[in-house]
Amino acid sequence: RPQHLSGLEIVRDLCDGKLNGGEIGSTEITFTPGKIKGGTHVADTKTAGSVCLLMQVAMPCVLFAASPSELHLKGGTNAEMAPQIDYTVMVLKPIVEKFNFTFNCDIKKRGYYPQGGGEVVVRMSPVKELSPINLTERGTVTKIYGRAFVAGALPIKLAKDMSSAAVRCIRREIRDLYINIQAVREPDDQAVGTGSGIIIVAETSTGCLLAGSSLGKRGKNSDKVGIEAAEMLLKNLKHGGTVDDSLQDQLIIFMALAKGVSRVKSGPITLHTQTAIHFAEQLTKAKFTVTKSEEEDPNNDTYIIECQGMGMINPNL
């Protein structure tokens, strides 16, 4: 709840908008946008609410601002039920930049559940318009890499255990590929509280990035954390799509705003993606179609998400 409210507030601040009903427990809000101006803005969930979700809501807006933006986002960087900041930097960033924009993400401090306290600074310049993307060729997996981390009171051994367990799990399916999962202890001055987790990324010959990740918590065996992330990665590789389950819904808004036809090949469509498509179509003139991919391989459960984008033009540039 706090992160959803912070998300509404940062968008309000970005565009001098008006927000009524913006409080915890509210069942209805009225939002009236003004002109998106850019500049420096701070959003703080004051909890372990995810900074990545704040970034998700702000990014499409600042792309169409009048001037560059610097967003100081505070909360959880590696939180449950949301992408970890490492996922945002390692997977989302290189793929979403194919829409023809760039952004810089500086992790100042990491924050974990329950107290949060992390801070990320995102810098981004506006664009005239977004280009469509075509992500339909999966290619073959060429490398697998990642990071297993501990912070605060936890020993580095836990990160090494997570990493080893993940590598063993992947090895059962993929034998001939070098797997490099670094075990790291976050520096004390760059992390608030105690946390642990792992993210593993597979890169393909066509530049696709798919990932699996998991977070440690009290009473959860570190081997299990590593295996969970590895199994998630393998599941994402199995369906044959060019994006993983976490990226699928995050691309929808950019496809809707872009000029021209975007095509993405994905695994089974998640409820998040269905919801994103529903609202993108209601709010823009974008038109989406989702069709079962006609594959040579009958084992692959893949779909093509196609979007005729609305071709949003930045009126300020």
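Residues numbered from 1 in each chain as written. Predicted model: local features only at pLDDT ≥ 70, side-chain atom pairs only at ≥ 80, totals over all residues. Heavy atoms only, no water.

## Let's talk about the overall build of the chain
Here is step 1 of the chain: What the chain contains, in helices and strands, is 8 helices and 15 strands.
Here is step 2 of the chain: Relative to the 2.2 N^0.38 estimate, which gives 20 Å for 317 residues, the radius of gyration of the chain is 20 Å and therefore close to what a compact globule would have.
Here is step 3 of the chain: Reported as C-alpha extents along the three principal axes, the dimensions of the chain are approximately 55 × 50 × 35 Å.
Here is step 4 of the chain: Here the chain holds 317 residues, and the buried ones make up 49% of them.
Here is step 5 of the chain: A separation of at least 24 residues holds for 72% of the contacts in the chain among residues at least 6 apart in sequence.
Here is step 6 of the chain: Accessible surface, the chain as shown: approximately 14,800 Å² in total, 52% of it carbon and sulfur. (Helix = DSSP H or I, 4+ residues; strand = E, 2+ residues; numbered from the N terminus. Rg over C-alpha atoms; globule rule 2.2 N^0.38 Å. Buried < 20%, exposed > 50% of the residue type's maximum accessible area, 1.4 Å probe, protein only. Contact = heavy atoms within 4.5 Å. Areas by Shrake-Rupley, 256 points an atom, 1.4 Å probe, with all protein chains shown as cover.)

## Some points on the sheet that holds strand 8 (residues 141–151)
Here is step 1 of the chain: The strand order 9-8-11-12 describes an open sheet built from 4 strands, whose pairing is mixed. In this open sheet, the two strands that pair with only one neighbour each are strand 9 (179–185) and strand 12 (209–215). Sheet twist, expressed as the average angle between the axes of neighbouring strands with direction ignored, equals 15°.
Here is step 2 of the chain: Where strand 8 and strand 11 (residues 195–204) come together, 10 bridges link them in antiparallel fashion. (Pairing = 2+ DSSP bridges. Axes fitted to C-alpha atoms, helices over the stretch in contact; angles between N-to-C directions.)

## Things to note about the sheet that holds strand 14 (residues 287–292)
Here is step 1 of the chain: Spatially, 7-13-15-14 is the arrangement adopted by the 4 strands of the open sheet, whose pairing is mixed. Edge positions in the open sheet fall to strand 7 (134–135) and strand 14, since each of these has one partner strand only.
Here is step 2 of the chain: The sheet contact formed by strand 14 and strand 15 (residues 303–308) spans 6 bridges and is antiparallel. Its bridge partner being in strand 15, T291 is matched across the sheet by I304.
Here is step 3 of the chain: Its contacts with the sheet place helix 8 (residues 271–283) against strand 14 and strand 15, and it is angled at close to 150° to strand 14.

## Overview of the nonpolar core
Within soluble globular proteins, side chains that are nonpolar tend to cluster in buried spots.
Here is step 1 of the chain: Counting residues in hydrophobic clusters, the biggest one holds 59 residues, and the most contacted among them are F99, F101, L130, L251 and F288.
Here is step 2 of the chain: With 8 residues, helix 2 (residues 51–62) is the largest single contributor of residues to this core.
Here is step 3 of the chain: Beyond its immediate chain neighbours, meaning those up to four positions away, F101 contacts M59, L63, V96, M124, V127, L130 and F254.
Here is step 4 of the chain: Residues A166, A202, C208 and L234 belong to the second largest nonpolar core, which totals 23 residues. (Core = buried A, V, L, I, M, F, W, Y, C linked by side-chain atoms within 4.5 Å.)

## A look at the domain arrangement of the chain
Here is step 1 of the chain: When cut into domains, the chain gives domain 1 (2–124), domain 2 (141–238) and domain 3 (243–310).
Here is step 2 of the chain: Computed over C-alpha atoms only, the centres of domain 2 and domain 3 are separated by 28 Å.
Here is step 3 of the chain: In this assembly, 6 residues from domain 2 lie in contact with 4 residues from domain 3.
Here is step 4 of the chain: In this assembly, domain 2 packs against domain 3 so that about 380 Å² is buried in total across both faces, 33% of it on carbon and sulfur atoms.
Here is step 5 of the chain: Counting the surface domain 2 buries against domain 3, the share from its top three residues, L210, N236 and K238, is 61%.
Here is step 6 of the chain: At the surface where domain 2 touches domain 3, the tally comes to 1 salt bridge.
Here is step 7 of the chain: Residue D245 is joined to K235 by a salt bridge in which the shortest nitrogen-to-oxygen separation is 3.4 Å.
Here is step 8 of the chain: Breaking the side of domain 2 that touches domain 3 down by element, the ones donating at least two residues are strand 12 and helix 5 (222–238).
Here is step 9 of the chain: Of the residues belonging to the side of domain 2 that touches domain 3, the class tally is 3 nonpolar, 1 polar and 2 charged. (Domains from an automatic or database assignment. Buried area = accessible area lost by both parts, 1.4 Å probe. Salt bridge = Lys/Arg side-chain N within 4 Å of Asp/Glu carboxyl O. Nonpolar A, V, L, I, M, F, W, Y, C, P; charged D, E, K, R; others polar.)

## Some points on unusual backbone geometry
Here is step 1 of the chain: Here Y113 and P114 are connected by a cis peptide whose omega angle stands at 0°.
Here is step 2 of the chain: Look at D16: it is not a glycine, yet its phi comes out positive at around 50°.
Here is step 3 of the chain: Within the secondary structure, D16 sits in the loop between helix 1 (2–14) and strand 1 (18–20).
Here is step 4 of the chain: Here K46, not a glycine, exhibits a phi torsion of approximately 60°, which is positive.

## Some details on the UniProt feature "active site" (unreviewed entry) in the chain
Here is step 1 of the chain: UniProt feature "active site" (unreviewed entry): in the numbering of this structure it lies at H272.
Here is step 2 of the chain: Within the secondary structure layout, H272 lies in helix 8.
Here is step 3 of the chain: H272 gets classed as exposed once you look at its relative accessible area, which sits at 59%. (UniProt positions renumbered as here; feature names shortened; annotations may be inferred.)

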